[in-house]
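# A look at the structure
Now for the letters of each chain:
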There are 2 protein chains.
Amino acid sequence: MCAVLKYAYSQILVECSRLKKITIYDVAKKASVSPKTVSRVINAEQSVSTKTKTLVESAIAALGYSPNTSARSLRTKRSYILAFLYDNLSPAYVMDLQVGILSICDKAEFNMVIRPCNFTSETLAQDIAALIKRSRVDGLILSPPISDHKELIQYLEEKQIDYVRIAPINTKLKSSYVFANDREAAAEMTDHLISLGHTSIGIILGDLSHLAGQERLAGYKNSLKKAELPVNSNYIEQGDFSFESGESAALKLLTQKQPPTAIFACNDYMAAATMKIAHKLGLRVPEDVSIAGFDDAPVSKYLWPTLTTVWQPVQQLASQSADLLINKILNQETSTAPLELRCELVIRESTAAIKK
Amino acid sequence: MCAVLKYAYSQILVECSRLKKITIYDVAKKASVSPKTVSRVINAEQSVSTKTKTLVESAIAALGYSPNTSARSLRTKRSYILAFLYDNLSPAYVMDLQVGILSICDKAEFNMVIRPCNFTSETLAQDIAALIKRSRVDGLILSPPISDHKELIQYLEEKQIDYVRIAPINTKLKSSYVFANDREAAAEMTDHLISLGHTSIGIILGDLSHLAGQERLAGYKNSLKKAELPVNSNYIEQGDFSFESGESAALKLLTQKQPPTAIFACNDYMAAATMKIAHKLGLRVPEDVSIAGFDDAPVSKYLWPTLTTVWQPVQQLASQSADLLINKILNQETSTAPLELRCELVIRESTAAIKK
DNA sequence: TTGTACGCGTTATCAT
DNA sequence: ATGATAACGCGTACAA
C-alpha cells in the first residue's frame, strides 16, 4: 500500500472512531419516543411511565449510549467537576483522600480535578478563583489547613460557590464539614500509655493551625487530668508535623534530666523522628522509652520496632465530603449537620509497660 | 425579611453568579469585530492582523473572559481531559507523577483525571473503556505496570486513542514512551558499593514485570562483570517491591553462612525491610552491613541510619509524558523518539567502607 | 483579513 | 405522561 493511501486509510479509521456518536436521538428512534423523554429517563425525572422507562432503558443498553457531558454541561451550566484542594499533607494521606472522593464521583458521574496548593501563597485565593473559572468547577473540597483559609472561604461565600471542608477549625460558617474524633483518639492513646504504667508522658505537638494539632493536644491533656496526672510543660514540645521538627523536639524531650518514659508524637513522621533520636541516644524502644504516633502512615509499619499509632478514617472523611458536596450541588441542599467519624488505636511494638 | 423573600433573594444571587456569562459575543462587541475573529485570536490562528489581535486581546483582558470549555468541547469533539492510570505504586511516587502531569496540563489548559487501577483485574480494559467513553478523555498516560497491559493497549490501538507510556517493557509499539536510565543508575550504585571495598554484594530484586525490576538487575550484573566479580546466585533474592517481600529476602540473604557485606535492594521499601531485619539480627548498619535502596522515597530520610538510594526524575518523566501526549492530541503528531531521563545517586548514611 | 449562518447534543420551556 | 422547539457558546464552512 502506498504511503498516501496508508495515510488516508488511517484518517478514515480516526474518523470512524470519532464518528461513533450515539446520541439521544438514536435512542429515541430505537425506543420510538421523543428525545425529551429519553432525557427524562436519563435524569430520573418523575413524569415517565414505567413502561416507556424500561423501553428507553433497554434501548440505551442496546446501543451502549452514554450522554455527552459537554452538551449537557453547556445546557445545564454545570461542569460535573469537583475540585480537591490540598497542601503539604503526607502523600499516603492525600492518596487516601483522593480514593475516597473518587469512589463517590464514580457513582455520581462526576469528575474530580486535584489541586496541590500552597497555603502561604499570597495568591492562593486568586489562583483558585482562576481554576474555578477556567475549569468551571461545580464545587470544592478543602482539606486542612486550606479548610481555614479565610480569604479563599470569603471568596467562595461571596460567589456562592459550593464547598465542603474536612476538619476545619472555624465551625461557625454555614458550610458543612466532616471531621474525625482526634481528641478522643488522642485521649485513648494517652490512656493506653498510662495503662502501661507511664506517668511521665511527653508530647510532640503538631501544627496548631490544623484542627488535628489542637485536638490531639486537648485529648492528651484531658487524659492526664482524668488520671490526675500533672500536665508538665517540660514534657510538651512544639512541632509542625514534619520529621525535622520531630527530631529537634524529641532531642529536647529525651535529653532532660528526667526525661519522659513515653512520648506521644502527634503524627507518625514526628514519631519516626523520635525513634531515630532515641536510637542515636542509645535508648531502646520500647524498653527504655515508649513511642506512639498518629495517622497510621505507611512508615509506621516500616520502622523497627513497628509503631503504635492511630488509624484515621481518611477515605471515609473524603467520601462523606464528596457525598455532601454533590448533594449540595445537585439538590441545592442547604447546610447539613457536621459529620464526625471515628479513629481507632493500632497497638504495635513501640509501646510497652514501663521498666521497673 | 420573611423566609420566602429570603429564599427568592438567595436564588437571585445564585442566578447572578451563574449569569456571569461573558461570551465571545461580548468580547466581539467590545472590540468591534465579529465573534469569529475573537475565536481566531483565542485559537492563535494565523490570519489575523496584528492590530485587531491586540484589540481583541485587550478586550478579553478587560472583560476577564475565558472560553467555555463545554461549548468548545461540544464543537471540537475534544474534552481537553487526559487520564492518568496507575496501580500500586508508592504514594509519594504517584503524587510526583501527578504533579508533573499537572504542571503541563495547566499550561495547555487541559484537565487531568486520575484513575487508580488494579493490574490483575479481569475487567481492567473494560473499565478503562468505560472511563474513556464516559469522561470522553482525549488521551491516557500509563504508568508501570499498566504500561504493559496487553489487553488495554490492544484496545487503545484498535480505537486509535492517544496514549503515552512511562517505562514500558515492550518498546515495539509505535506509541511514544519515556523512561529513566535505571540500568545505569543501578550499575552506578553497585559501583559505589564496590568502591567501598565490598565484593559480596547481595541484591533484592523488584517485580520483574516492571521495566525497573529488569533494568536494575541488569545494571547490578553489568557492574559486577565490569569489576570482574562473580555473580553469585546465593546473593540474588526475588522480591516484589513490597516491604514484606523485602523482609523475607533480607532474612535469607543475611542468615547465610557467608552473608553479603552489602545489600542493594531494588527499592526503598525493601531496603527499609532489610534494615529492620539487620537490626533484628543485631547487625549494625553500615558497620556490619551496607544497605542501599532505589527511588529516594520519603522513608529513606526517616530511617536510621538514613538510606543511600537513587533519585529518579519522576516529575520530569510525568511532565514529558503529558507534553508528548498533548502534542499528539492537538497536532496529530505521530510517534516521537523515546525519551530517556537521568537518575542520580544519593549517598546517605547506610553505606560505608567494608570493615577490615 | 474578516464576517455570516449553522450545527454540535443536550435540557428548558411551553404546549398537548 | 409526552412532544416540539429553542437555546446554551463555540468553531466550521463558506462567503465576501
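For the structure, check the block above.
Residues numbered from 1 in each chain as written. Chains lettered and ligands numbered in written order. Predicted model: local features only at pLDDT ≥ 70, side-chain atom pairs only at ≥ 80, totals over all residues. Heavy atoms only, no water.

## Comments concerning the protein's contact with DNA strand C
Selection rule: Any residue with a heavy atom lying within 4 Å of a molecule or strand is counted as near it. Whenever a nitrogen or oxygen atom comes within 3.5 Å of another N or O atom, the pair is scored as a polar contact, on the condition that within protein one atom can donate a hydrogen and the other can accept it, and that pairs from neighbouring residues in sequence are kept only if both atoms are in side chains. Runs of E in the DSSP output that reach at least two residues are strands. Runs of H or I that reach at least four are helices, and both are numbered from the N terminus. Residue classes follow a fixed rule: Ala, Val, Leu, Ile, Met, Phe, Trp, Tyr, Cys and Pro count as nonpolar, while Asp, Glu, Lys and Arg count as charged, and any other residue, Gly among them, counts as polar.
Taken together, 27 residues lie around DNA strand C, and A:Ile24, A:Tyr65, B:Thr37, B:Arg40 and B:Arg75 are the ones closest in. What you see for DNA strand C is that sugar and phosphate hold 58% of its atoms within 4 Å of the protein. One of the backbone N or O atoms of A:Ile24 is found 2.6 Å from a phosphate oxygen in DNA strand C. In the model, a phosphate oxygen of DNA strand C is placed 2.8 Å from a nitrogen or oxygen of the B:Ser34 main chain. Taken together, the elements giving at least two residues each to the surface near DNA strand C come down to α2 (24–31), α3 (35–42) and α5 (69–76) of chain A together with α3 (35–42) and α5 (69–76) of chain B. Ranked by the residues each element gives to the surface near DNA strand C, the list is headed by α5(A), at 5 residues. When the residues that make up the surface near DNA strand C are grouped by side-chain class, the tally is 9 nonpolar, 10 polar and 8 charged.

## Concerning the side chain of B:Thr274
Residue and element names in this part refer to chain B. Applied cut-off: The contact definition used throughout considers only heavy atoms, calling two residues in contact when any of these lie within 4.5 Å.
Relative to the elements of secondary structure, Thr274 occurs in helix α12 (residues 268–280). One polar contact links the side chain of Thr274 to the main-chain carbonyl oxygen of Met270, over a distance of 2.7 Å. Leaving out residues up to four positions away in the same chain, Thr274 has contacts with Ile204, Gly246, Ala250, Leu254, Ile263, Ala265 and Ile291.

## Regarding the pattern of salt bridges
All names here are of chain B. To keep things clear, this is the line we draw: Criterion for a salt bridge: a side-chain nitrogen of Lys or Arg within 4 Å of a carboxyl oxygen of Asp or Glu. Exposure classes here rest on a 1.4 Å probe applied to the protein chains alone. A residue is buried below 20% of its type maximum, exposed above 50%, and partly exposed in between.
Taken as a whole and assessed by the stated rule, the structure comprises 27 salt bridges over all chains. Taking the shortest distance from any N to any O, the salt bridge between Asp191 and Lys226 comes out at 3.2 Å. Taken together, the residues Asp191 in helix α9 (residues 182–195) and Lys226 in helix α10 (residues 211–226) connect sequence positions 35 residues apart. Exposure remark for Asp191: the relative accessible area of 25% places this residue in the partly exposed category.

## Digging into the relation of the copies chain B and chain A
What counts, and what does not: What sets the superposition is a least-squares fit of C-alpha atoms, and only residues with pLDDT of at least 70 in both copies go into it.
Once chain B has been moved 0.0 Å along the axis and rotated by 180°, it coincides with chain A to within an RMSD of 0.1 Å. One copy is carried onto the other by what is essentially a two-fold rotation axis. The C-alpha atom lying nearest the rotation axis in chain B is that of B:Ser70; the distance is 2.3 Å. Of all interface residues in chain B, 98% are interface residues in chain A too; the two copies therefore contact each other through one and the same surface.

## Quick look at unusual backbone geometry
All names here are of chain A. For the bond running from Trp304 to Pro305, omega is -5°, close enough to zero to count as cis. Here Pro305 is to be found in the loop between α13 (299–302) and β10 (309–311). Backbone geometry places Ala44, a non-glycine residue, at a positive phi of 50°. In this fold, Ala44 is placed in the loop between α3 and α4 (50–63). The backbone phi angle of Asp295 is positive, close to 125°, even though this residue is not glycine. Structurally, Asp295 is set in the loop between β9 (290–292) and α13. Relative accessible area serves as the criterion here: at 21%, Asp295 is assigned to the partly exposed category.

## Quick look at the packing of aromatic side chains
Applied cut-off: Any two of the Phe, Tyr and Trp rings considered here, Trp counted by its six-membered ring, make a pair once their centres fall within 6.5 Å; the pair's planes then place it as stacked at under 30 degrees, edge-to-face at over 60, or tilted in between.
Tallied over the full model, the rule gives 12 aromatic pairs over all chains. Between the aromatic rings of A:Tyr269 and B:Tyr302, the centroid separation amounts to 4.8 Å while the plane-to-plane angle is 45°, which identifies the pairing as tilted. Placement of A:Tyr269 in helix α12 (residues 268–280) and of B:Tyr302 in helix α13 (residues 299–302) is noted, with the two residues assigned to different chains. Of the two residues examined, A:Tyr269 and B:Tyr302, each falls in the buried class. Ring centres of B:Tyr80 and B:Phe110 lie 5.6 Å apart, and the angle between their planes is 70°; on these two criteria the pair is classed as edge-to-face. Here B:Tyr80 is found in the loop between α5 and β1 (81–86), whereas its partner B:Phe110 is found in the loop between α6 (91–108) and β2 (111–116), with 30 residues between them in sequence. Comparing B:Tyr80 with B:Phe110 shows no difference in burial state: the two are buried.

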